[in-house]
Amino acid sequence: MEVEGRVLRKVRSLLIDYPLCSRCLGRFFALLRPELPRQENGAMLMDAAMGEAVRSDDAELLRALARSGHPVSIDLLRERGVEVVVERCSLCRGKVSTERIGELVRAAAEKASGYEFSTFSVGTFVPPHIRSLEDHLISSYGLDSAESVRRDVTREARRIFAQLTGRAFSPSNPELEVLLDPFTSTFEVRPAPVMIRGRYLKHSRSTPQTPWLCDVCWGKGCDACDYTGRREGPDVSVAEYIGLPALELWGAMDFTFHAAGREDLDAAVEGSGRPFVLELSEPARRTVDLEEFARRVREFSRGKVEVFDLGPATRADVRFLKTETERKRKVYSVRVVFSAPVPLEAMMRACDRLRNSVVEQRTPTRVLRRRGDRLRRRTVHDVTAVQVDERTYELTLVVDGGLYVKELIHGDNGRTTPSFRDLLGVEPEKIELTVLGVLEPAWRGQAHWSAGADSA
Ligand SMILES: [Zn+2]
Ligand SMILES: [Zn+2]
């Protein structure tokens, strides 16, 4: 192959200053022959440079080629009785050879065989000092056809990995990420999390939504909690009733439970349920029978928690859960037992007063320890009451997301106004809350029933 004199002059000055392996040399001139493997391109350039060195009797270039490990130059110099010491490549220190990339990728493919995946991506880590040396060489020697170490390794690794596993390369949404560090000969294989969306029902008034955290360390783990980060609760949480069977089914390392809003320990969730997204990290499996999952949740919780409407989710679904919840209207059914009889007319007047009115709530006393004290204004859109007996009523409430319903009933010592307690002048003794669902913001016209709720 013919190599331009301009290129050979660059090869000469580069190799006289820095010993380079054939792959690194070839990479600096990659775009001249992009179809040629970098190592072959480098070997070809060294051959051409040697031919030129012999023609022009350039001993300095011959020595430089031999020092970089060019075999024919080494033989020639040795024949002439010149001692040759081959030096390590200044750029990659001998780490970025075809053999070493192959070894690393084979090990990664072996590890990946423990996971179910159909698509993958490859990333390569190149230490900063190598990157700066590379940039320095490219600019000082005018190497305008160069390719970076990172691109070179990534491209080759991608090709070998696809060949070994038969899976497709997909940089945008891979099910498995392969991360290579050829400089320390280490790699990581990371399956993307599996995200499952669905809705849950909670037929229990003693099941918290999330695990109770240790009072001392708030979940970090300490002596007091035996490094579990947990505190004994009255029951396993909804998050665990759903997450633990999933860990087993998907063969995952850990789970994160995202729900559309919260509910208290003693509030049931019925009707259309509350939306959630379950995120499973490092899953060994990605295709799992969702009916089987629902069955296991029911079994593990002994019927207290049910999941339905299950399907695949994305990050966007989690963001939507978090941001949209507060803007929606929630529907609750509340059973209240008062400490004294409440006449039906008094209850009707209280309902009329509250319907379409704005309630002012300071952060409830019961959550004050965990959240800052602030004033929020939320609207009660509708409220109806059915008398059960002279002290007991079933209320149905449609309220803004984020309205604290229990406080609307008992007033929280004047921190919520108005309240049923203040309007009726009677203390509620027992409040039983059930979340019935969420109304989409498109409230007028056809009310669309979806699910979920916020702080009750
Ligand atoms: Zn090298
Ligand atoms: Zn602790």
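My aim in this report is to walk through the structure given alongside it, one point at a time.

When its secondary structure is counted, the chain shows 14 helices and 15 strands. The dimensions of the chain, computed from C-alpha atoms along their principal axes, are 115 × 50 × 40 Å. The long-range fraction of contacts in the chain, counting pairs at least 24 apart against all pairs at least 6 apart in sequence, stands at 72%. Surface summary for the chain: the accessible area is close to 22200 Å², and the carbon and sulfur share equals 49%. Charge separation in the chain, taken as the distance between the mean sites of 69 positive and 68 negative side-chain charges, equals 3 Å.

A four-donor tetrahedral metal ideally has 109.5 degree angles, and a six-donor octahedral metal ideally has angles of 90 or 180 degrees. Protein coordination at the zinc ion (ligand 2) comes from Cys214 (SG), Cys217 (SG), Cys222 (SG) and Cys225 (SG), with a distance range of 2.3 Å. Of note is the zinc ion (ligand 2), whose four donor atoms meet at the metal with angles of 102 to 112° in an arrangement that counts as tetrahedral. Each donor residue of the zinc ion (ligand 2) belongs to the same chain, with the gaps between them written as C-x2-C-x4-C-x2-C.

Whenever strands of a sheet pair, they do so through backbone hydrogen bonds, lying parallel or antiparallel. Across the sheet, four strands lie side by side as S2-S1-S3-S4; this open sheet has mixed pairing. Both edges of this open sheet fall to strand S2 (168-169) and strand S4 (186-191), since each of them pairs with a single strand only. Examined bridge by bridge, strand S3 (residues 176-181) and S4 share six bridges and lie antiparallel to one another. Across the sheet, leucine 180 pairs through a bridge with phenylalanine 187, a residue of S4. Contacts from helix H6 (residues 98-112) reach S3 and S4, with the element oriented near 30° to S4. Across the face of the sheet, helix H8 (residues 149-165) comes into contact with strand S1 (119-124), S2 and S3 while running at roughly 150° to S1.

With that settled, consider helix H12 (residues 344-354). Considered for burial, the residues of H12 that qualify are Ala346, Met347, Ala350, Cys351 and Leu354. Viewed end-on, H12 has its buried residues packed into an arc of 140°, placing them on one side of the element. Away from its buried face by more than 90 degrees, H12 exposes Glu345, Arg349 and Asp352. On the buried face of H12, the contacting elements are strand S9 (329-338), strand S10 (357-362), strand S11 (375-389), strand S12 (392-400), helix H13 (405-410) and helix H14 (420-424). Asparagine 356 occupies a position one or two residues after H12 and carries a positive phi of about 60°.

Judged by nonpolar contacts, the single largest core of 58 residues is most densely connected at Leu14, Leu20, Leu25, Phe29, Leu91, Phe161 and Leu176. For this core, the element with the most residues is helix H3 (residues 38-55), which contributes seven residues. Residues in contact with leucine 25, not counting those within four places in the same chain, are Val11, Leu14, Leu15, Leu20, Gly42, Leu45 and Met46. In terms of nonpolar packing, the next biggest core, distinct from the first, is built from 55 residues, Ile242, Ala246, Ala350 and Val359 among them.

Distances from the zinc ion (ligand 1) to its protein donors, Cys21 (SG), Cys24 (SG), Cys89 (SG) and Cys92 (SG), fall within 2.2 to 2.3 Å. Mapped onto the sequence, the donors of the zinc ion (ligand 1) take the spacing C-x2-C-x64-C-x2-C. Taken as a pair, cysteine 21 in the loop between helix H1 (5-17) and helix H2 (22-28) and cysteine 89 in the loop between helix H5 (71-79) and H6 lie far apart in primary sequence, 68 residues in all. Exposure remark for cysteine 89: the relative accessible area of 5% places this residue in the buried category.

To continue, consider the packing of aromatic side chains. Per the counting criterion, the structure on display carries 10 aromatic pairs. Aromatic pair phenylalanine 120 and phenylalanine 169: ring centres 5.9 Å apart, planes at 65°, arrangement edge-to-face. Linking phenylalanine 120 in strand S1 with phenylalanine 169 in strand S2, this pair joins segments that are 49 residues apart in sequence. Residue class for phenylalanine 169 comes out partly exposed when judged on its relative accessible area of 31%. Put simply, the rings of Phe117, Phe120, Phe161 and Phe169 touch in pairs and so form one group of aromatic residues. Geometry around phenylalanine 169 places arginine 158 over its ring, the cationic atom sitting 4.1 Å from the centre. Positioned above the aromatic ring of phenylalanine 117 is the side chain of arginine 167, whose terminal nitrogen or guanidinium carbon lies 5.0 Å from the ring centre.

Reading the values: the criteria
- Each chain has its residues counted from 1, following the order in which its sequence is written.
- Written order determines the labels here, with chains lettered from A and ligands numbered from 1.
- Confidence filtering applies because this is a predicted model: local features only for residues at pLDDT of at least 70, side-chain atom pairs given and counted only at 80 or more, and all residues used for totals across whole chains, interfaces and linings.
- Derived side-chain values reflect all non-hydrogen atoms in the structure, with water molecules and hydrogen atoms excluded from consideration.
- Numbering of helices and strands runs from the N terminus; a helix is a DSSP stretch of H or I covering at least four residues, while a strand is a stretch of E covering at least two.
- In what follows, residue pairs with any heavy atoms lying within 4.5 Å of each other are defined as contacts.
- Residue exposure ignores everything except the shown protein chains as possible cover, and the areas themselves are Shrake-Rupley values with a 1.4 Å probe.
- Think of it this way: Lys and Arg go in the positive column, Asp and Glu in the negative one, and His and the chain ends go nowhere.
- Here the site of a charge means NZ on Lys, CZ on Arg, CG on Asp, or CD on Glu.
- Only nitrogen, oxygen and sulfur atoms qualify as donors, provided they sit within 2.8 Å of the metal or within 3.2 Å for Na, K and Ca; with water excluded from the atoms, sites may seem incomplete.
- The geometry test gives tetrahedral to four donors whose angles all lie between 85 and 135 degrees, gives square planar to four donors and octahedral to six donors whose opposite members are over 155 degrees apart with all other angles between 65 and 115, and gives irregular to the rest.
- Any two strands with at least two DSSP bridges between them are considered paired.
- Between the N-to-C directions of two axes lies an angle of 0 to 180 degrees, each axis being a line fitted to C-alpha atoms and, for a helix, fitted only over the stretch in contact.
- To sort residues, take the accessible area from a 1.4 Å probe on protein chains only and compare it with the maximum for the residue type: under 20% means buried, over 50% means exposed, and anything in between is partly exposed.
- Taking the helix axis as origin, the arc is that swept by the directions to the C-beta atoms.
- Side-chain atoms within 4.5 Å are what join buried Ala, Val, Leu, Ile, Met, Phe, Trp, Tyr and Cys residues into a set we call a nonpolar core.
- Only rings of Phe, Tyr and Trp enter the pairing, Trp through its six-membered ring, and a pair is recorded when the two centres are within 6.5 Å. The plane angle decides the type: under 30 degrees is stacked, over 60 is edge-to-face, the rest tilted.
- In this scheme, Lys NZ or Arg CZ marks a charge over a ring once it lies within 6 Å of the ring centre and within 35 degrees of the ring normal.

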